[in-house]
Amino acid sequence: MDTSNSLVIETQNLSKTYKETQALKGLNLTVKHNSIFGFLGPNGAGKSTTIKILLGLIQPSGGQATVFGHDIQRESVAIRRRVGYLAQDPRYYEHMTARQILNYTARFFYRGPKDLIDARVQEVIGLVGLDNKADRPIRGFSGGERQRLGIAQAQVNYPDLLILDEPAASLDPMGRHDVLDVMERLRKYTTIFYSTHILEDVQRVSDTVAILNQGRMIAEAPIDQLLAGDGGPIIYNITLKSVTKQAVADAQTRITSQPWVQHLSITPEDGHMDWQVSVTDEAAAEDQLLGLILIDHSLKVMNFGRKTFNLEEVFLDLVEKENSK
Amino acid sequence: MTVQTETQVSQDLRTITRQGLLPASGGGWLAGYGNMLAKELGEWFNTRRWLWQLLLWPIILDGWIAFPLFVLPYLESTNPTFQGATEKMFAGLPTELGSIYMFYSMVVLAGTLGAIIFAQDEVIQEKQSGTAAWILSKPVARPAFILTKLQSNVIGMLVFVVGLPGLIALGEIYLATHQLVPLVPFLVGMAVILLGLVFYTSLVIMLGVLCESRSKVLGIGFGIFFAGMMLKTFFPQIAYVLPIAMDGIGLSILLGMPLPVMLLSELISVAVLTVVFIVVALWRFQRKEM
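Residues numbered from 1 in each chain as written. Chains lettered and ligands numbered in written order. Predicted model: local features only at pLDDT ≥ 70, side-chain atom pairs only at ≥ 80, totals over all residues. Heavy atoms only, no water.

Peer 1: Even after reading the chapter, I still don't get the overall build of chain B, so can you show me in this structure?
Peer 2: Counting its secondary structure elements, chain B contains 12 helices and one strand. Tracing chain B from N to C terminus, the helices and strands come up as α-β-α-α-α-α-α-α-α-α-α-α-α. The globule rule puts the C-alpha radius of gyration for 290 residues at 19 Å, and the 24 Å found for chain B is more than 25% above it. Counting only C-alpha atoms and orienting by the principal axes, one finds that chain B spans roughly 105 × 40 × 35 Å. Counting all 290 residues of chain B, 48% fall into the buried class. (Helix = DSSP H or I, 4+ residues; strand = E, 2+ residues; numbered from the N terminus. Rg over C-alpha atoms; globule rule 2.2 N^0.38 Å. Buried < 20%, exposed > 50% of the residue type's maximum accessible area, 1.4 Å probe, protein only.)

Below, the structure is given as structure tokens:
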């Protein structure tokens, strides 16, 4: 396989219009090799549309995209040879057993030998924990079992890219946990591109995140960068303990007089104070901020660090900003 | 010294794991064809469906000619009121040819209804249930999806509706008359009848691609068949285009008669329209959004 090109997915101004609705508006996306890429957005944001375009199930109205360097419109079959896909609401032939479904799927990728295909099928059955149900017709499967089968069929061809559309959406907490576990185990073998609206899952397993809203991408960054609030205000959290009010007032004056300090807010808590210092110069803050407080030995710093956001805050902030435009 | 990155190591591991597995053959518009055809044929031959087909079609088609071949002669010999009934029924044709014509007519009637029913669900159900989208997310060319549906139905009908009942019919005729039906003209006649069935199969598969409602597919399929049957009395010219006299063409071949222009035109038109239906189905399905 071609590992020289580190980009697995690349889209340029990809768009899709259904009659008068613009489902996707000029999407520019890059997914790097061996990443777990979380594609985040509210329902109807265009996540499934993007995935279906990448797989050739629907045609884009404009723009271009490549997967493994193959054009999605002209070389779709070559792309699908290297991809495993789990749909949002996966459907299979109800009268077939899980083993038959997996065997059928495997034969789109391999023609033999039979015993090796059977062994691979057995391996993925074990991987998703369907050993006891493998020879039963899937019409009797629960939602969780169907999802496991979905992951198994997406994995049967050792895909270089695994595309999962809302893999945990219809599952109970235990099922979700299992699915995320499988994703983490597969991380070292394959690139995973998955869509979801469950922020907790993204924060747990993704290394890169793109946020889509109303067909437009509003953020794409490594998860650490996104959670650090890069691009937004730089905020430091400080927890202080002081014997005198004067010491606190002096420290407050020392800090607010710095040209790189934008804002200081103080919240008194039980026996200590929480300070939030908003700064414009990260380097100056790292060099001087703590020192400016500790000049006074009567002040005790219990906690000091740059504020990190949780994904929900970042997501809601970005979506609200986008919606208010 | 060569230093391997973690990525390279995992790629190597995968290559080792894949060793021995042979990549599927068939690319381009045939990608996935063999696997899909095996699955579609399995629906005919690896499920209980084959047993039902094996019972149903001989009962309908061979049972239909068993009456004039075995029952009517018995009635003629035991009851004077039935005297000459067999000759009347076969319109003066020798018994073996008359019964073949009856057989052809029944294959056209029942076989066409069967062809429409078999094919009506093939595409539309897969579109509606989402299994088509699942299959097409694998390395499968869209033409292969349509062509395997068509081919499996044609093979199924060739075996169960045309082949086996045809063989049984030949046996019945030999048992009743001790006459051998000329085999080559009989088989050519059967091929003509099969062409009529392929016409309806491809029509219904095309409708399945174009329509989103099963009732529309069935309605148009049955509508064309029954309208053709009813209208041929008032507008015989319809036989220039639609397969409404395929049994007549089969009989002409069996009798060694040259085909009248109308029937020749019907034969050509049915073949051309069948190709048109398949091309339209392939073209439209290629652009279908899943």
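Peer 1: I tried to follow the sheet that holds strand β2 (residues 21–32) of chain A on my own but got confused; where do I start?
Peer 2: The strands that make up a sheet are held in pairs by hydrogen bonds between backbone atoms, and each pair lies either parallel or antiparallel. Residues and elements named next belong to chain A. The antiparallel open sheet is built from four strands, whose spatial order is β2-β1-β4-β5. Strands with a single pairing partner mark the edges of an open sheet, and in this sheet they are β2 and β5 (70–71). The pairing of strand β1 (residues 7–18) with β2 spans eight bridges and is classified as antiparallel. Residue pairing for β2: threonine 11 is matched across the bridge by leucine 29. Sitting on the sheet, helix α1 (residues 47–54) touches β1, β2 and β4 (62–67), and the angle it makes with β1 is about 115°. (Pairing = 2+ DSSP bridges. Contact = heavy atoms within 4.5 Å. Axes fitted to C-alpha atoms, helices over the stretch in contact; angles between N-to-C directions.)

Peer 1: So what exactly am I meant to see when it comes to the confidence of the model for chain B here?
Peer 2: Detailed reading of predicted coordinates is not advised where the pLDDT is low. Per-residue confidence for chain B gives a mean pLDDT of 90, with 93% of residues at or over 70. Two numbers describe this predicted complex: its pTM, 0.82, and its ipTM, 0.85. (pLDDT = per-residue confidence, 0-100.)

Peer 1: Hey, could you run me through the sheet that holds strand β13 (residues 261–269) of chain A in this one?
Peer 2: All names here are of chain A. Spatial ordering of the open sheet is given by β13-β14-β12-β15, a layout of four strands whose pairing is antiparallel. Single-partner strands in this sheet number two, and they are β13 and β15 (299–306). With strand direction ignored, the average angle separating the axes of adjacent strands in the sheet is 20°. Sheet topology places β13 next to strand β14 (residues 272–279); eight bridges connect them, and they run antiparallel. The residue bridging isoleucine 266 from the neighbouring strand is tryptophan 275, located in β14. Sheet contacts for helix α9 (residues 245–256): β12 (234–242), β13, β14 and β15; angle to β14, the most-contacted strand, approximately 10°.

Peer 1: Explain the pairing of strand β6 (residues 83–86) of chain A here, please?
Peer 2: A regular strand places its side chains on the two faces of the sheet in alternate fashion. Residues and elements named next belong to chain A. The side-chain alternation of β6 yields two buried faces, one formed by Val83 and Tyr85 and the other by Gly84 and Leu86. In terms of strand pairing, β6 meets strand β8 (residues 161–165) through four bridges, oriented parallel. Each residue of the ladder has a partner; that of tyrosine 85, found in β8, is isoleucine 163.

Peer 1: What am I meant to see in helix α10 (residues 282–294) of chain A here?
Peer 2: Note: α-helices contain 3.6 residues per turn, so residues at a spacing of three or four share the same orientation. All names here are of chain A. Under the 1.5 Å per step criterion, the end-to-end length of α10 is 19 Å for 13 residues, consistent within 8% with the ideal 18 Å. The sharpest bend along α10 measures roughly 35° and falls at glutamine 288. Taken together, the buried positions of α10 are Ala284, Ala285, Leu289, Leu292 and Ile293. On its buried face, α10 is in contact with β12, α9, β14 and β15. One side-chain oxygen of the residue at the start of α10 lies 3.1 Å from the amide nitrogen of alanine 283, identifying that residue as aspartate 281. (Expected span 1.5 Å × (residues − 1). Bend = angle between axes of the 7 residues up to and from the residue. Polar contact = N/O pair within 3.5 Å; in protein donor to acceptor, adjacent residues only side chain to side chain.)

Peer 1: So what exactly am I meant to see when it comes to the packing of helix α5 (residues 95–120) of chain B against helix α9 (residues 183–210) of chain B here?
Peer 2: When two helices pack together, their arrangement is given by the angle between their axes and by how far apart the axes lie. All names here are of chain B. For the pair α5 and α9, the least separation of the axes is 9 Å and the interaxial angle reads 25°. It follows that α5 is roughly parallel to α9 by the angle criterion. Seen from above, α5 lies across α9 with right-handed handedness. Between α5 and α9, the residues in contact are Ile100, Phe103, Tyr104, Val107, Val108, Gly111, Thr112, Ala115, Ile116, Ala119 and Gln120 and Pro185, Phe186, Gly189, Met190, Ile193, Leu197, Tyr200, Thr201, Val204 and Ile205, respectively. Considered class by class, the residues forming the contact of α5 with α9 number 16 nonpolar, five polar and no charged. (Parallel < 35°, antiparallel > 145°, perpendicular 65-115°, else oblique. Left-handed = near helix turned anticlockwise from the far one by under 90°. Nonpolar A, V, L, I, M, F, W, Y, C, P; charged D, E, K, R; others polar.)

Peer 1: Help me understand helix α12 (residues 261–286) of chain B in this model?
Peer 2: Over its 26 residues, α12 of chain B runs 37 Å from end to end, which matches the ideal 38 Å to within 8%, given 1.5 Å per residue. Regarding α12 of chain B, the residues found buried are Leu263, Glu266, Ser269, Val270, Thr274, Phe277, Ile278, Ala281 and Phe285 of chain B.

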